[in-house]
Amino acid sequence: MSYPQSPRKAGMPREVLKWLQSLELSVYPTNVRRDFSNGFLVAEILSRYYPQDFPVHAYDNGTSLASKQRNWRQIERSLQKQNLHLMKDVIDRSIHCKPGAAELLVQEVYTLLTNQSIRDVQGPQSDFTDEEYQELLPAVARSTASRAIKNNLRITEIMAEPDISTNQRKSEAILRRHLEHKAAERVNNPGRFKGRANLGRLASRHLVPSGRRDECFAKSEGTPSKVCSSSTCRGAAVSFKEIKVHQPVRHSLINN
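Every value quoted in this text rests on a predicted model; they were computed, and no experiment measured them.

Concerning the overall build of the protein
Here's step 1: Across its full length, the protein holds 12 helices and 2 strands.
Here's step 2: Ordering the α and β elements of the protein from the N terminus gives α-α-α-α-α-α-α-α-α-α-α-α-β-β.
Here's step 3: Counting the 256 residues in the protein, one finds 32% classified as buried.
Here's step 4: Of the contacts formed within the protein by residues at least 6 apart in sequence, a portion of 54% connects residues at least 24 apart.
Here's step 5: As displayed, the protein offers around 17900 Å² of accessible surface, 52% of which is attributable to carbon and sulfur atoms.

As structure tokens, then:
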């Protein structure tokens, strides 16, 4: 069974690809999301237009979070000297390899340096999640709740923002969106979730009133009260009936 192409290898417009090939970069990007995350290739592209402000030897082609953040800070400072700006949110998402962020970043750099617009450019309103990719998959191959959190909350995000409350809110938002998709899937395809009713589903459930529950479990001086009499203790999920067992009398076999 073949599934659609993963978003980490998503393509870009043809004119952008031809532009990248014309620059004769030291490393041609084969995986856009990975290769543009540390900013090294972006600095090399900018050095073709501003060689004095973007010396390639001043940038580290590493994969650590510290190397990525250091490179991008230096790129932003050099861009400000030329009165040029890139969207901060897109840069941050590209550092964490979020789906669609690197593609949008490259297209923005292309527009910034060539003054040419691109048709059907992915707008900044994208949420940079794998939702679009999940919609292409069959229902059985889609992510579970734990996998959805792992795909949309990168370890580098936690390292860059170690605040527990912030990461908890991000996880809850991802989980909420995942549950909403599951609920919509149940509405659109109810036959897939129609299972055989078991005893747990067929059994009737009745909540016990709080006052009745306290009476049934009340204790008086260390001994249980006999509120549930010989008939039945009703009002609970299950009815209980008191059974009296008569023990046989054992007679001694030894003659006196």
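A word on unusual backbone geometry
Here's step 1: Its identity is not glycine, yet Cys97 carries a phi of approximately 55°, on the positive side.
Here's step 2: With a phi close to 60°, Asn115 is a non-glycine residue in the positive phi region.

A short note on the side chain of Ser78
Here's step 1: For Ser78, the location among the structural elements is in helix α4 (residues 65-81).
Here's step 2: Judged by its relative accessible area of 7%, Ser78 is buried.
Here's step 3: From its side chain, Ser78 meets the backbone oxygen of Asp53 in a polar contact 3.3 Å long.

Re the nonpolar core
Here's step 1: Counting 35 residues, the largest nonpolar core has Trp19, Leu20, Ile45 and Ile75 as the members making the most contacts within it.
Here's step 2: Those elements giving two or more residues to this core turn out to be α1 (14-22), α3 (40-49), α4, α5 (88-95) and α6 (101-114).
Here's step 3: Ranked by residues supplied to this core, first place goes to α6 with 8 residues.
Here's step 4: Residues contacting Ile75, with those up to four places away along its chain left out, are Gly39, Val42, Ala43, Leu46, Phe54 and Tyr59.

Digging into the packing of aromatic side chains
Here's step 1: In total, this model carries 2 aromatic pairs according to the counting rule given.
Here's step 2: Both rings, one in Trp19 and one in Tyr110, keep their centres 5.2 Å apart while their planes meet at 70°; by these two values the pair is edge-to-face. Linking Trp19 in helix α1 with Tyr110 in helix α6, this pair joins segments that are 91 residues apart in sequence. Taken individually, Trp19 and Tyr110 each receive the classification buried, so the pair is uniform in this respect.

Describing α3
Here's step 1: Counting buried positions over the 10 residues of α3 gives 8, a clear majority of the element.
Here's step 2: Looking at α3, one finds that the buried residues are Phe40, Leu41, Val42, Ala43, Glu44, Ile45, Leu46 and Ser47.
Here's step 3: Elements in contact with the buried residues of α3: α1, α2 (32-35), α4 and α6.

A closer look at the packing of α1 against α6
Here's step 1: With their axes 11 Å apart at the nearest point, α1 and α6 run at an angle of 70° to one another. With respect to each other, α1 and α6 are oriented roughly perpendicular. Here Glu15, Val16, Trp19 and Leu20 of α1 lie close against α6, whose contacting residues are Val106, Gln107, Val109, Tyr110, Leu113 and Thr114.
Here's step 2: Of the residues in the contact of α1 with α6, the class split is 7 nonpolar, 2 polar and 1 charged.

Details of the pattern of salt bridges
Two side chains carrying opposite charge are able to pair once their charged atoms lie near each other.
Here's step 1: Overall, the coordinates contain 9 salt bridges when judged by the stated rule.
Here's step 2: The partner of Asp60 in a salt bridge is Arg70, with the nearest N and O atoms 3.8 Å apart. Highlighted residues: Asp60 in the loop between α3 and α4 and Arg70 in helix α4, separated in sequence by 10 residues.
Here's step 3: Classification of Asp60 as partly exposed rests on a relative accessible area of 34%.
Here's step 4: Given a relative accessible area of 40%, Arg70 falls into the partly exposed group.
Here's step 5: Residue Lys170 pairs with Glu157 through a salt bridge whose shortest N-O separation is 3.8 Å. Linking Lys170 in helix α10 (residues 164-188) with Glu157 in helix α9 (residues 155-160), this pair joins segments that are 13 residues apart in sequence.
Here's step 6: With relative accessibility at 29%, the residue Lys170 sits in the partly exposed group.
Here's step 7: For Glu157, a relative accessible area of 9% puts it in the buried group.

Conventions we followed
Residues numbered from 1 in each chain as written. Predicted model: local features only at pLDDT ≥ 70, side-chain atom pairs only at ≥ 80, totals over all residues. Heavy atoms only, no water. Helix = DSSP H or I, 4+ residues; strand = E, 2+ residues; numbered from the N terminus. Buried < 20%, exposed > 50% of the residue type's maximum accessible area, 1.4 Å probe, protein only. Contact = heavy atoms within 4.5 Å. Areas by Shrake-Rupley, 256 points an atom, 1.4 Å probe, with all protein chains shown as cover. Polar contact = N/O pair within 3.5 Å; in protein donor to acceptor, adjacent residues only side chain to side chain. Core = buried A, V, L, I, M, F, W, Y, C linked by side-chain atoms within 4.5 Å. Phe/Tyr/Trp six-rings, centres within 6.5 Å; stacked < 30°, edge-to-face > 60°. Axes fitted to C-alpha atoms, helices over the stretch in contact; angles between N-to-C directions. Parallel < 35°, antiparallel > 145°, perpendicular 65-115°, else oblique. Nonpolar A, V, L, I, M, F, W, Y, C, P; charged D, E, K, R; others polar. Salt bridge = Lys/Arg side-chain N within 4 Å of Asp/Glu carboxyl O.

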